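Here is how the chains run, residue by residue.
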Amino acid sequence: MSVSTPVPTGSETRTEETTPSAGRNPASWELHDFDRYVVSQDGPVGYIEVVSSLFVCYLGHPYALAEEIAQVLDFERAVQIVAERAASSRRPKLAP
């Protein structure tokens, strides 16, 4: 069985609304390297790497300090995961 993966070409930028009622800035993504996208919400918050037919999600910036948080098969879901985790990590923590 042969699986073909689209090869990213050129520089692409897109804005996706993570959740319509979220009340925060929508997540945008931009092709950063041949197989890596940067996800932004008021600045870079994470990365998505294309590995064959898998999208590996990273939270953090710069890339060298980012942590892997998920592996999914759908690119839009990968953007949503990175954006949601970035938004939740910015929320103030409750005192114990």
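Before reading on, note that the structure itself is shown above.
Residues numbered from 1 in each chain as written. Predicted model: local features only at pLDDT ≥ 70, side-chain atom pairs only at ≥ 80, totals over all residues. Heavy atoms only, no water.

Caption draft 1: Structural context of the overall build of the chain. Counting its regular elements, the chain contains 1 helix and 6 strands. The helix and strand sequence of the chain, counted from the amino end, reads β-β-β-β-β-β-α. For the chain, buried positions account for 35% of its 96 residues. In the chain, of all internal contacts separated by at least 6 residues, the share reaching a separation of at least 24 is 25%. Surface exposure of the chain reaches about 6200 Å², of which carbon and sulfur atoms provide 53%. (Helix = DSSP H or I, 4+ residues; strand = E, 2+ residues; numbered from the N terminus. Buried < 20%, exposed > 50% of the residue type's maximum accessible area, 1.4 Å probe, protein only. Contact = heavy atoms within 4.5 Å. Areas by Shrake-Rupley, 256 points an atom, 1.4 Å probe, with all protein chains shown as cover.)

Caption draft 2: Highlighting the pairing of strand 4 (residues 44–51). Burial runs high along strand 4: 6 of the 8 residues are buried. Inspection of the sheet shows strand 3 (residues 36–40) paired to strand 4 by 5 bridges, in the antiparallel sense. Directly across from tyrosine 37, in strand 4, lies its bridge partner isoleucine 48. In terms of strand pairing, strand 4 meets strand 5 (residues 54–59) through 6 bridges, oriented antiparallel. Pairing of glutamate 49 across the sheet is with valine 56, part of strand 5. Counted between consecutive antiparallel strands, the loop separating strand 4 from strand 5 contains 2 residues, among which serine 52 sits at a positive phi close to 60°. (Pairing = 2+ DSSP bridges.)

Caption draft 3: How the structure looks around the pattern of salt bridges. Under the definition given, this model contains 1 salt bridge. Between arginine 36 and glutamate 49 there is a salt bridge, with the nearest N and O atoms lying 3.2 Å from each other. With arginine 36 in strand 3 and glutamate 49 in strand 4, this residue pair connects regions lying 13 residues apart in the sequence. For the residue pair arginine 36 and glutamate 49, the accessibility class agrees, reading buried in each case. (Salt bridge = Lys/Arg side-chain N within 4 Å of Asp/Glu carboxyl O.)

Caption draft 4: Seen up close, the nonpolar core. In this structure, Tyr37, Val39, Ile48, Phe55, Phe75 and Val79 are the most contacted members of the largest nonpolar core, which totals 20 residues. Sort the elements by how many residues they give to this core and helix 1 (residues 75–90) lands first, with 7 residues. Excluding anything up to four places from it in sequence, isoleucine 48 contacts Asp35, Arg36, Tyr37, Val39, Phe55, Val56, Phe75, Ala78, Val79 and Val82. Within the second largest apolar cluster, 5 residues are counted, among which are Tyr47, Val56, Tyr58 and Ala66. (Core = buried A, V, L, I, M, F, W, Y, C linked by side-chain atoms within 4.5 Å.)

Caption draft 5: Representation of helix 1 within the structure. The first and last C-alpha atoms of helix 1 sit 23 Å apart over 16 residues, in line with the 22 Å expected at 1.5 Å per residue. Along helix 1, the residues classified as buried are Phe75, Ala78, Val79, Ile81, Val82, Ala83, Ala86 and Ala87. Against strand 2 (27–33), strand 3, strand 4, strand 5 and strand 6 (67–72) lie the buried residues of helix 1. (Expected span 1.5 Å × (residues − 1).)

Fair warning: the whole summary comes from geometry, so function is off the table for now.
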